[in-house]
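Structural characterization, general
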Amino acid sequence: MIEQNIPITHETYAIWLIFSGDKVLIPNDHPSLLKCAWHELGFAHAYKEQVVKIGTYDELPCLLIDMGNENVAQQHFSLVGLRSVLNECSNAFFEIAARSWQVALFIRTHRFCGQCGSKMQQVDWEMAMQCTRCQHRCYPRISPCVIVAIRHKDKILLAQGKSQKSREMYSIIAGFVESGETLEQAVHREVFEEVGVKITNLRYFASQPWPFPHALMMGYLADYDSGEIQVDGREILTADWFDLEHLPTTPSTLSIAGQLVESTKELMKNHTD
Ligand SMILES: [Zn+2]
């Protein structure tokens, strides 16, 4: 459970999740969680009233401090992006950092009421922001997103998105769920909109919080049903069927996209059709 107004003393020993801009502070000598006593964080003292408890790890409290855009890189610490945390640190650290970032971003972007424009205040017993005038209440934003690996015999459908930075990287189809839609409808719609094919045998795989900035990825496996690939040209630049034995660069298995590609490979190996 997330708690606010945590009493901090000189000796409070914790795992600190300290954000500056969209980066998190880590020790210089090792890409790991920042564990120390409060008095060792001299630079953070102005933020004492804003500490939020995100959870517990290794029997230590995980405490969040959002320093906004203040640059806090010091001699013994450095600031790193969450993608570096995903690639270089443990899964546990990534999970804690991801959750903390989403809470920090929520508080940062809900200082004023979206309904009447008045000031918002943190609710003291749950993670929410409430308007001091009209009582409008908001909770941390989570954007549901579906992602699907589509197999056709010994091939998988991979695409390159417009927003993708690397021109080498291919991934599977993903998209945000729309209001009033089931997850299954979202998968069928996204696939048809982006690459023009119909799918069948849709089954749930797993989910992963994806803090860039607040998606919840829900992964599916599916089989090709019908249609020719026709990319939409807006979100997807190119898409094709790739031989599962000879894949181009695909996302690492740290992401659910990479895990879905791996799982599709396994299915192909174990299948005879
Ligand atoms: Zn209001």
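Here the structure is a predicted model, which is why all the values come from computation and not from measurement.

1. Quick look at the packing of aromatic side chains
- All chains considered together, the criterion is met by 7 aromatic pairs.
- Between tryptophan 16 and tryptophan 38, the ring centres sit 5.4 Å apart and the planes meet at 45°, which makes this aromatic pair tilted. Of this pair, tryptophan 16 sits in strand 2 (residues 13-20) while tryptophan 38 sits in the loop between strand 4 (34-37) and strand 5 (52-57), and the two are 22 residues apart along the sequence.
- Overall, the relative accessible area of 1% leaves tryptophan 16 in the buried class.
- In this structure tryptophan 38 comes out as buried when scored by relative accessible area, which is 3%.
- Pairwise contacts between aromatic rings join Phe94, Trp210 and Phe212 into one cluster.

2. Some thoughts on the nonpolar core
- One finds Leu17, Val52, Val85, Phe93, Val103, Ile156 and Ile172 to be the most contacted residues of the largest nonpolar core, which totals 52 residues.
- The element contributing the most residues to this core is helix 2 (residues 91-108), with 11 residues.
- Looking at this core, you find at least three residues from each of domain 1 (3-108) and domain 2 (143-270).
- Listed in part, the 20 residues of the second largest apolar core include Ile150, Leu157, Val187 and Val195.

3. Topic: helix 4 (residues 256-270)
- Compared with an ideal rise of 1.5 Å per residue, which puts 15 residues at 21 Å, helix 4 spans 21 Å between its outermost C-alpha atoms and is within 8% of the ideal.
- Regarding helix 4, the residues found buried are Ile256, Ala257, Gly258, Leu260, Val261, Ser263, Thr264 and Met268.

4. Quick word on the UniProt feature "domain: Nudix hydrolase" (unreviewed entry) in the protein chain
- Those residues carrying the UniProt feature "domain: Nudix hydrolase" (unreviewed entry) are residues 140-266 in this numbering.
- Overall, residues 140-266 shows 19% helix and 43% strand. The separation of its end C-alpha atoms is 37 Å.

5. Some details on the pattern of salt bridges
- Taken as a whole, this structure holds 10 salt bridges when the rule is applied.
- Linking arginine 189 and glutamate 178 is a salt bridge whose minimum nitrogen-to-oxygen distance equals 3.6 Å. With arginine 189 in helix 3 (residues 183-195) and glutamate 178 in the loop between strand 13 (173-176) and helix 3, the pair connects residues that are 11 residues apart, well separated along the chain.
- Given the relative accessible area of 16%, arginine 189 is considered buried.
- Ionic pairing is found between arginine 203 and aspartate 223, a salt bridge with its closest N-O pair at 3.8 Å. Of this pair, arginine 203 sits in strand 14 (residues 198-210) while aspartate 223 sits in strand 15 (residues 215-226), and the two are 20 residues apart along the sequence.
- Under the relative-accessibility criterion, aspartate 223 is labelled buried at 19%.
- Each member of the salt-bridge network shares a partner with another, and the members are Glu178, Glu181, Arg189, Glu190 and Glu193.

Procedures and definitions
- Each chain has its residues counted from 1, running along the sequence as written.
- Reporting of local features is limited, given that this is a predicted model, to residues whose pLDDT is at least 70; pairs of side-chain atoms are given and counted only at 80 or more, and all residues count toward the totals for whole chains, interfaces and linings.
- The side-chain numbers reported here are obtained from all heavy atoms of the structure, hydrogens and water having been left aside.
- Aromatic pairing here means that ring centres of Phe, Tyr or Trp (its six-membered ring) are within 6.5 Å. Orientation follows from the plane angle: under 30 degrees is stacked, over 60 is edge-to-face, and everything else is tilted.
- Only DSSP runs of H or I reaching four residues or more are called helices, and only runs of E reaching two or more are called strands; each is numbered from the N terminus.
- Relative accessibility under 20% of the residue-type maximum defines a buried residue, over 50% an exposed one, and the middle range a partly exposed one, all with a 1.4 Å probe and only protein chains included.
- Among buried residues, the Ala, Val, Leu, Ile, Met, Phe, Trp, Tyr and Cys ones that are joined through side-chain atoms within 4.5 Å form a nonpolar core.
- In this document the domain limits rely on a domain assignment from an automatic tool or a database.
- In a helix, the anticipated span is given by 1.5 Å times the number of residues less one.
- UniProt positions are given in the numbering used here, feature names are shortened, and annotations may be inferred rather than shown by experiment.
- For this document, the term salt bridge refers to a Lys or Arg side-chain nitrogen within 4 Å of an Asp or Glu carboxyl oxygen.

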